[in-house]
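Here are the chains, one letter per residue:
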Amino acid sequence: MEQQHVLRVIDFRNTEHKTTFVKFSGYDHVSGKDFEGEVKFVGGRPYGDIIHPERSTLSPECIHFVQELLLDKYNAREFH
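What counts and how
Residues numbered from 1 in each chain as written. Predicted model: local features only at pLDDT ≥ 70, side-chain atom pairs only at ≥ 80, totals over all residues. Heavy atoms only, no water. Core = buried A, V, L, I, M, F, W, Y, C linked by side-chain atoms within 4.5 Å. Buried < 20%, exposed > 50% of the residue type's maximum accessible area, 1.4 Å probe, protein only. Helix = DSSP H or I, 4+ residues; strand = E, 2+ residues; numbered from the N terminus. Contact = heavy atoms within 4.5 Å. Phe/Tyr/Trp six-rings, centres within 6.5 Å; stacked < 30°, edge-to-face > 60°. Pairing = 2+ DSSP bridges. Axes fitted to C-alpha atoms, helices over the stretch in contact; angles between N-to-C directions.

**Q** Just checking my understanding: could you explain the nonpolar core for this structure?
**A** One recurring pattern in soluble globular proteins is that nonpolar side chains are buried together. By size, the foremost hydrophobic cluster in this structure holds 16 residues, and its most contacted members are Phe 24, Phe 35, Val 39, Phe 41, Val 66 and Leu 70. At the level of secondary structure, the elements contributing two or more residues to this core comprise β2 (20-28), β3 (33-42) and α1 (60-75). The leading source of residues in this core is α1, at six residues. Contact partners of Val 66, with chain neighbours within four places excluded, come to Leu 7, Phe 24, Phe 35, Ile 51 and Leu 58.

Right, dumping it as structure tokens:
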């Protein structure tokens, strides 16, 4: 069985300013390390150091995986 990246949403909260914070943990298959982080959605886009290409400790492949999965969940209104 091929190993893959893993992402688990731990919690989320919405603020009165229409910002959504999502806390999560996961596994970066490329680096072989577990991770935990938080992003905030502003205007439907996720922001945070954990997914920033120059600040993140995650592999580029895992950053892409996390961004896409969180965007899919956000667009499916799972954080509302």
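Moving on from the coordinates now.
**Q** Would you take a moment to explain the side chain of Thr 19 for this structure?
**A** Along the chain, Thr 19 turns up in the loop between β1 (6-14) and β2. The exposure class of Thr 19 is buried, given its relative accessible area of 14%. Thr 19 has contacts with Arg 13, Asn 14, Lys 40, Phe 41 and Val 42, leaving out every residue within four places of it along the chain.

**Q** What exactly am I supposed to notice about the packing of aromatic side chains here?
**A** What characterises a pair of aromatic rings is the spacing of the ring centres plus the angle enclosed by the ring planes. The final tally for this structure, using the stated rule, is four aromatic pairs. Judged by centre distance (4.3 Å) and plane angle (5 degrees), the rings of Phe 41 and Tyr 74 are stacked. On the criterion of sequence distance, the pair formed by Phe 41 in strand β3 and Tyr 74 in helix α1 is long-range, its members being 33 residues apart. On the basis of relative accessible area, Phe 41 is assigned to the buried category, the value being 0%. Residue classification places Tyr 74 among the buried residues on the basis of a relative accessible area of 15%.

**Q** I'm lost on the sheet that holds β3 in this one. Help?
**A** Sheet strands associate in pairs through backbone hydrogen bonding, adopting either a parallel or an antiparallel arrangement. What the four strands build is an open sheet, ordered β1-β2-β3-β4; its pairing is antiparallel. Of all the strands in the sheet, the pair left with one neighbour each is β1 and β4 (45-47). When the angles between neighbouring strand axes are averaged without regard to direction, this sheet yields 30 degrees. For β3 and β4, the ladder comprises three bridges, and the chain directions are antiparallel. Bridged to Phe 41 within β4 is Pro 46. Contacting β1, β2, β3 and β4, α1 runs over the sheet at an angle of about 45 degrees to β1.

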